[in-house]
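Residues per chain are reported as follows:
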Amino acid sequence: MNRRSPVVVATALSAALLLAACGGGDGGDGGGGGGGAAGAESAAPAAEAGGPLDLAGAGCPATVVMQQDWQPEAEHGAMYALVGSDYTIDADAKSVKGSLVAQGVDTGVDIEVRPGGPNVGFQPIPALMYIDESITLGAVNTDDAITAAASQPTVAVTTQITNSPQILMWDPESHPGLSTIEEIAAKGVPVVTSGDIIPALLQSRSIIQPGQIDTSYEGTPARFVSDPTILQQGFATAEPYIYENEISQWGRPIGQQNLADYGYTIYPEPLAVRADKLESLRPCLEKLVPVMQQSQIDYLAQPGPTNTLIVELVDAYQTGWTYSEGVAEFSAKTQVEGGFVTNDPASGVFGQFDPARMQAIVDTFAPILQEQGVIQAVPAATELYTNDFIDPNIKMGS
């Protein structure tokens, strides 16, 4: 899912309407700032040799590099929650590194988490993974995996967010009595997005007409505030809080509906490896994937400490992206209460892929990508993911 367009970073500080009181943290560099190895020994006890948390003994890389697709935010909490207290921040390279600590135990390897978006020139994650051999896991949306399958194939090994939090939002005062995207779109209003996948999907389902498509969304609130008749893309885990609490020019609730209700059923940001590295990483993934399953559950049960790190990183990176403790707290809560992070409905296991859903995703999005000239051949759904490393005993609420 596209988080924001490239323009948002360049315009964030100069737009006519700025996010009010966003960002925060007390600055600092987390105990070193210069990059490289962590600056102090981990305070966590060492994993039992050969045990489930012994990633060093499983042949994992000395530094497990995790590449996200956007700026630090609560939707990426499972990655950041594994960064030990001995972390250092490299503000120039835009990365944080420390001991990989899972369930209070030092796994014997380090973790480095890198943000995406403007920090990597807005390159797609599969492209980055094929450029940089050091990346172990990347957050690759399912539609992006379909796009890259021919030349940069990746295999998703676990989900983190089960259902997409992408929404279209509207002003309730401009559309009184209306409560769905379909009802409002029927009025012929512009549908403002930063990419063409969402409008193409809605058009294929006769929800919107070609003349309503507007892909000029810049990620700032200026357009919505100045023309509240539009439908605009957003995230259920962010915009409802931001518009009501952090944009003084708005300061009231928005209306919203999940795009998943209209077929936007991709797995958002599942963790993937390069297809040609799957076998060599297999011993590591046998232990690392269950760690990632549990990390998301643990983060959402107690998001506060990780949210503090996320906000600190945003402040340290100084890219123009702003992110507050308030929106991080709202996001973590909404991920659960909104049903975006949940056990796989088909199996009841957290982090597992549903084969029928994966096939339906390919059946939905591959024709759209073909029509747009993005892909020629349609990949097999089974090539895009594996459940081989999932621990079926890991479930939310258990």
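Residues numbered from 1 in each chain as written. Predicted model: local features only at pLDDT ≥ 70, side-chain atom pairs only at ≥ 80, totals over all residues. Heavy atoms only, no water.

## Structural notes on the state of the cysteines
This model, assessed by the stated rule, comprises one disulfide. Sulfur-sulfur distance for the disulfide between Cys 60 and Cys 284 comes to 2.0 Å. Between Cys 60 and Cys 284, the S-S dihedral sits near 95°, and the bridge is therefore right-handed. Of this pair, Cys 60 sits in the loop between helix 1 (7-11) and strand 1 (63-67) while Cys 284 sits in helix 9 (residues 278-301), and the two are 224 residues apart along the sequence. (Disulfide = S-S within 2.5 Å. Helix = DSSP H or I, 4+ residues; strand = E, 2+ residues; numbered from the N terminus.)

## Details of the packing of aromatic side chains
Inspection of every chain in the model, using the stated rule, returns ten aromatic pairs. With 5.7 Å between their ring centres and 90° between their planes, Trp 70 and Trp 321 make a pair best called edge-to-face. Residue Trp 70 is located in the loop between strand 1 and helix 2 (77-80), and its partner Trp 321 is located in the loop between helix 10 (304-317) and helix 11 (325-337); the two are separated by 251 residues in the primary sequence. Its relative accessible area of 14% is what places Trp 321 among the buried residues. Feature note: the residues Trp 70, Phe 122, Trp 321 and Tyr 323 constitute an aromatic cluster, connected by ring pairs. Positioned above the aromatic ring of Trp 250 is the side chain of Arg 252, whose terminal nitrogen or guanidinium carbon lies 3.7 Å from the ring centre. Above the face of the Tyr 130 ring, Arg 274 is positioned so that its terminal group lies 4.2 Å from the ring centre. (Phe/Tyr/Trp six-rings, centres within 6.5 Å; stacked < 30°, edge-to-face > 60°. Buried < 20%, exposed > 50% of the residue type's maximum accessible area, 1.4 Å probe, protein only. Lys NZ or Arg CZ within 6 Å of the ring centre and 35° of its normal.)

## Regarding the confidence of the model for the protein chain
Scored by pLDDT, the protein chain has a mean of 91; 90% of the residues are at 70 or more. Predicted confidence is poor over residues 4-39, with pLDDT under 50, and the contacts of this stretch with residues over four places away or in other chains come to 85 contacts. (pLDDT = per-residue confidence, 0-100. Contact = heavy atoms within 4.5 Å.)

## Regarding the sheet that holds strand 6 (residues 154-158)
The sheet built from seven strands is open, its strands ordered 2-3-4-1-5-12-6 with mixed pairing. Looking at which strands have only one partner, the edges of the open sheet turn out to be strand 2 (88-90) and strand 6. Here the strands of the sheet are splayed against their neighbours by 35° on average, with no regard to which way each runs. Both strand 1 and strand 4 (residues 105-114) contribute to a ladder of five bridges, which runs parallel. In the strand pairing of strand 4, Val 64 is matched with Ile 111. Those strands touched by helix 10 are strand 2, strand 3 (95-102) and strand 4, and its axis lies near 35° from that of strand 2. (Pairing = 2+ DSSP bridges. Axes fitted to C-alpha atoms, helices over the stretch in contact; angles between N-to-C directions.)

## Quick word on the pattern of salt bridges
As a working rule, side chains carrying opposite charge can pair if their charged atoms are close by. Within the structure shown, the criterion is met by ten salt bridges. A salt bridge links Asp 276 to Arg 274; the shortest N-O distance between them is 2.8 Å. The exposure class assigned to Arg 274 is buried, which follows from its relative accessible area of 8%. Residues participating in the shared-partner salt-bridge network are Glu 133, Arg 274, Asp 276 and Lys 277. (Salt bridge = Lys/Arg side-chain N within 4 Å of Asp/Glu carboxyl O.)

## Some remarks on unusual backbone geometry
Its identity is not glycine, yet Phe 122 carries a phi of approximately 60°, on the positive side. For Phe 122, the position within the fold is in the loop between strand 4 and helix 3 (125-131). Judged by relative accessible area, which is 31%, Phe 122 ranks as partly exposed. A positive phi angle, near 50°, is found at Gln 318, a position not held by glycine. With a relative accessible area of 61%, Gln 318 lands in the exposed category.

## A word on the side chain of Ser 99
Residue position: Ser 99 is located in strand 3. Within polar-contact distance, the side chain of Ser 99 engages the side chain of Asp 86 at 2.6 Å. With sequence-adjacent residues up to four places away left out, Ser 99 is seen in contact with Ser 42, Leu 82, Val 83, Gly 84, Asp 86, Asp 106, Val 109, Asp 110 and Ile 111. (Polar contact = N/O pair within 3.5 Å; in protein donor to acceptor, adjacent residues only side chain to side chain.)

## Points about the environment of Asp 315
Among the secondary structure elements, Asp 315 is positioned in helix 10. A sequence separation of 224 residues divides Asp 315 from Ala 91, and the C-alpha atoms of the two residues are 9.4 Å apart.

## Description of the sheet that holds strand 11 (residues 255-258)
Spatial strand order, 9-8-10-7-11: five strands in an open sheet with mixed pairing. Of all the strands in the sheet, just strand 9 (213-214) and strand 11 have a single pairing partner and so form its edges. With two bridges connecting them, strand 8 (residues 191-192) and strand 10 (residues 231-235) associate as parallel partners. Bridging across to strand 10, Val 192 finds its partner in Gln 232.

## Observations regarding the side chain of Gln 257
For Gln 257, the location among the structural elements is in strand 11. Among the polar contacts listed, one links the side chain of Gln 257 to the side chain of Tyr 262, at a separation of 2.8 Å. The contacts of Gln 257, once residues within four sequence positions are left out, are Gln 166, Ile 167, Leu 168, Trp 170, Thr 180, Ile 181 and Tyr 262.

## Points about helix 10
The end-to-end C-alpha separation of helix 10 is 20 Å, in line with the 20 Å expected for 14 residues at 1.5 Å each. Buried residues dominate helix 10, accounting for ten of its 14 residues. Residues of helix 10 that are buried include every one of Thr 306, Asn 307, Leu 309, Ile 310, Val 311, Glu 312, Leu 313, Val 314, Ala 316 and Tyr 317, and no others. Buried residues along helix 10 sit against helix 2, strand 2, strand 3, strand 4, helix 9 and helix 11. Positive phi appears at Gln 318, one or two residues downstream of helix 10, with a value of about 50°. (Expected span 1.5 Å × (residues − 1).)

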